[in-house]
Amino acid sequence: MKYSLLLLLNLLFLTALSQPASPIVIQTKNASLVFTVGKNHRVYQSYLGSQLANTEYEKLSGGQEAYLTAGMENLFEPAIRVVHADGNPSLELTYASHTASQQGNVTTTRIILKDSVYQVEVVLQYTAYFNEDVITASATIQHHEKKPVRLTHYASTMLHFNADKYWLTQFHGEWAREAQQVDEQLTNGVKNIESKLGTRADFYQTPTFFLSLNNPSTETSGELIAGTLAWTGNFQFTFEVDQRNQLRVRPGINPYASDYTLKPGELFTTPDFIFTYSNQGKGQASRNLHHWARNYAVLDGNGPRLTLLNNWEATYFNFNEDKLVELFDGAKQLGVDMFLLDDGWFGNAFPRNDDKAGLGDWQENKTKLPNGIGHLVNEAGKKGIKFGIWLEPEMVNPKSELYQKHPDWILRLPNRAENLSRNQLVLDLTNPAVQNFVFGIVDSLLTKNPGVAYIKWDCNRPMSNTYSPYLKENQSHLFIEYTHSFYKVLDRIRAKYPHLPIMLCSGGGGRTDYGALKYFTEFWPSDNTDGLERVFIQWGYSYFFPANTIAAHITSMGKGQSLKFRTDVAMSAKLGYDIRVNEMTPQELQFSQESVKNYKQLSDVIWYGDLYRLISPYEENRSVLMYVNDQKSKAVLFNYNLTTRRKDLFTKVQLQGLDPKKNYRFREINLFPGTKSTNPDNDKVFTGEYLMTIGLNLTPGRVLPLTSNIYSLNGE
């Protein structure tokens, strides 16, 4: 009787609260996401699309339940599933209240849902970035039951669509073949894009997608959303088309092997799902994400970036102090800002002379560097360049002092043989002692050597045969807590070193996500620096990440490719070098010096301008893209001829993003010494209207394979 009375009072309380006067509207400059509350007090997504007049929102009702639960009448994939302490696996979430707060361009709406029987509360949080047309969505789960409950599903959000057809663009690959684009039509059933790699999100599947409604989208046309997840760990995007052809999209942490035991009063907050709506194609969605990322999501996203020379290709593990100082001359000759010392500088009991030993022992190797890192920093300064260094602090080699001293710090099964990848294992970052150790590596390096100007943070293997000595009976928390612990370490680093540039690297493009990028200035998209392959890799990543985050280095990789082609490809992102400067011909050195100068003159347009993809390498045997600054006074155009054949005849290219009323001088730049532009329109002046309507022939005459052009457009 007492329980029934309590239940009745709860229902009356919820009824009193569950009647908002108007629909709940999450709104950006051009898009709206609208929720309404039904007579059953559940919250429904009633609209997602182009912004409507305010009076139209009042007419909306019905739709699909915003955050579907398990264990009740729902027959499809749930957003959340909870198993209560009494074994009951049901949950019914009804509206309790909502709030909205605005700070400048950003509005955050919190919708509070509660269960009338069990003391479980879910807060759906939506943050709208008005000018950027981007919305982030997450959920916070809490309960006040007497005993812990078990979460088995915990999506960041759930979005609903009702169209004739659905077209998915996803990006997949593997090492040296990242972010390869694939388009397909979704049919009835469930499609998952997911990873189970533990230390990283990306590798075989990239945590990004486009979802087009009714028809496939192009760069300039089509209705779609672009989505990605701010999480540096296992992710899952579920696309489910039901028997009525309605689509549910469920993004979030992958629940694989990750049941989470939630204590009373403890908060479980999902990572942000980031999305933007566009009815003007993929290009506009991409530019929305770029603007948002630079303003809100990437460390110093609107700040400058350093050009650099890396020693890896020049030396690999085989170097000493004198050899490195000699290489500083190459950086100075090129005109780059910094020299980056890569792997191989540490370990004494187990010297790091190959990838089989030394990881975990982060002291300078006395044979290679008798005077330490500080000496290199000083010598670089004498040459007028900065000094950066490579770290892989989350990993350990069995051949190391760390492995011998702290076997309890390592992720590995207690009753099985060790499973090595790249001759290394993963440290148990869930252990606070390991977190202190990893923070201490960075802090000690920077405290002893305050002149270190840059870090390349690597992570060369996923988890396998995984078991945490620290978590003990809570092994199902491991994948989630590892990522949380990674962020805890980075929070400490950024509290003390808030603006130190750090590159995010993970065996190539294993960590390309906005969960990590708020701590990093850029990421390494692939170990594959072949210019032809990089056209495709950088194309894929450029949809979701701005150019100043995509590190692109010129190396000797790329059979049959000229230095110019490889350089022109790298210049469309964040330029760097990993090459033997002393083996360059005088012409190649002169060309590279001019390229660095050109890049520094163009970098503001490339890093902060709007990107327009004009010709896709997936559609033609060439690739054309351009950047335009905010004032539409400057633009830079990249033209890449790929593995062309005699039969290839390329039509004129219509430019985008210019001011139709302005005049622009069209000039080819970055020419190899001793060559002149063969474009008949070189150095001519055209109106923006002409360039965008009539266009230009960017490859006149015979089309040669693996050739390229860079053109500047300056308003006059």
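No experiment lies behind these values; they were computed from the predicted model shown.

Trainee: Can you lay out the environment of tyrosine 612 for me, pointing to particular residues and giving the numbers?
Mentor: Checked against the element boundaries, tyrosine 612 lands in strand β32 (residues 610–615). Each C-alpha atom, one on tyrosine 612 and one on asparagine 697, is 17 Å from the other, the two residues being 85 residues apart in sequence. Residues contacting tyrosine 612, with those up to four places away along its chain left out, are Arg287, Leu625, Met626, Val628, Lys632, Gln656 and Gly657.

Trainee: Break down the nonpolar core for me, with residues and values.
Mentor: When a protein is soluble and globular, its nonpolar side chains tend to lie buried together. Core analysis: the biggest nonpolar cluster contains 187 residues, and Leu341, Ile373, Phe387 and Trp457 have the highest contact counts within it. In this structure, Ile615, Leu637, Tyr664 and Leu713 belong to the second largest nonpolar core, which totals 19 residues.

Trainee: Tell me about the packing of helix α8 (residues 432–448) against helix α9 (residues 478–496), and please be specific about residues and values.
Mentor: α9 packs onto α8 with a crossing angle of 25° between their chain directions and a minimal axis gap of 9 Å. Viewed along their axes, α8 and α9 adopt a mutual orientation that is roughly parallel. Taken as a pair, α8 and α9 cross one another with a handedness that is right-handed. Within the contact between the two elements, α8 uses Gln435, Asn436, Val438, Phe439, Val442, Asp443 and Thr447 and α9 uses Ser485, Lys488, Val489, Arg492, Ile493 and Lys496. Considered class by class, the residues forming the contact of α8 with α9 number five nonpolar, four polar and four charged.

Trainee: Talk me through the packing of helix α11 (residues 531–542) against helix α12 (residues 563–570); I want residue IDs and the actual numbers.
Mentor: It is at 9 Å that the axes of α11 and α12 come closest, and there the two elements cross at 15°. The pairing of α11 with α12 is recorded here as roughly parallel in orientation. As for the relative orientation of α11 and α12, their crossing is left-handed in sense. Residues Gly531, Leu532, Arg534, Val535 and Gln538 of α11 pack against Phe565, Arg566 and Val569 of α12. Of the residues belonging to the contact of α11 with α12, the class tally is four nonpolar, two polar and two charged.

Trainee: Tell me about the sheet that holds strand β5 (residues 80–83), and please be specific about residues and values.
Mentor: Read from one edge to the other, the open sheet built from three strands follows the order β5-β10-β19, with strand pairing classed as antiparallel. Of all strands in the sheet, those with a lone pairing partner are β5 and β19 (260–262), marking the two edges. When the angles between neighbouring strand axes are averaged without regard to direction, this sheet yields 35°.

Conventions we followed
- Residues numbered from 1 in each chain as written.
- Predicted model: local features only at pLDDT ≥ 70, side-chain atom pairs only at ≥ 80, totals over all residues.
- Heavy atoms only, no water.
- Helix = DSSP H or I, 4+ residues; strand = E, 2+ residues; numbered from the N terminus.
- Contact = heavy atoms within 4.5 Å.
- Core = buried A, V, L, I, M, F, W, Y, C linked by side-chain atoms within 4.5 Å.
- Buried < 20%, exposed > 50% of the residue type's maximum accessible area, 1.4 Å probe, protein only.
- Axes fitted to C-alpha atoms, helices over the stretch in contact; angles between N-to-C directions.
- Parallel < 35°, antiparallel > 145°, perpendicular 65-115°, else oblique.
- Left-handed = near helix turned anticlockwise from the far one by under 90°.
- Nonpolar A, V, L, I, M, F, W, Y, C, P; charged D, E, K, R; others polar.
- Pairing = 2+ DSSP bridges.

These figures come from the coordinates and say nothing about function on their own.
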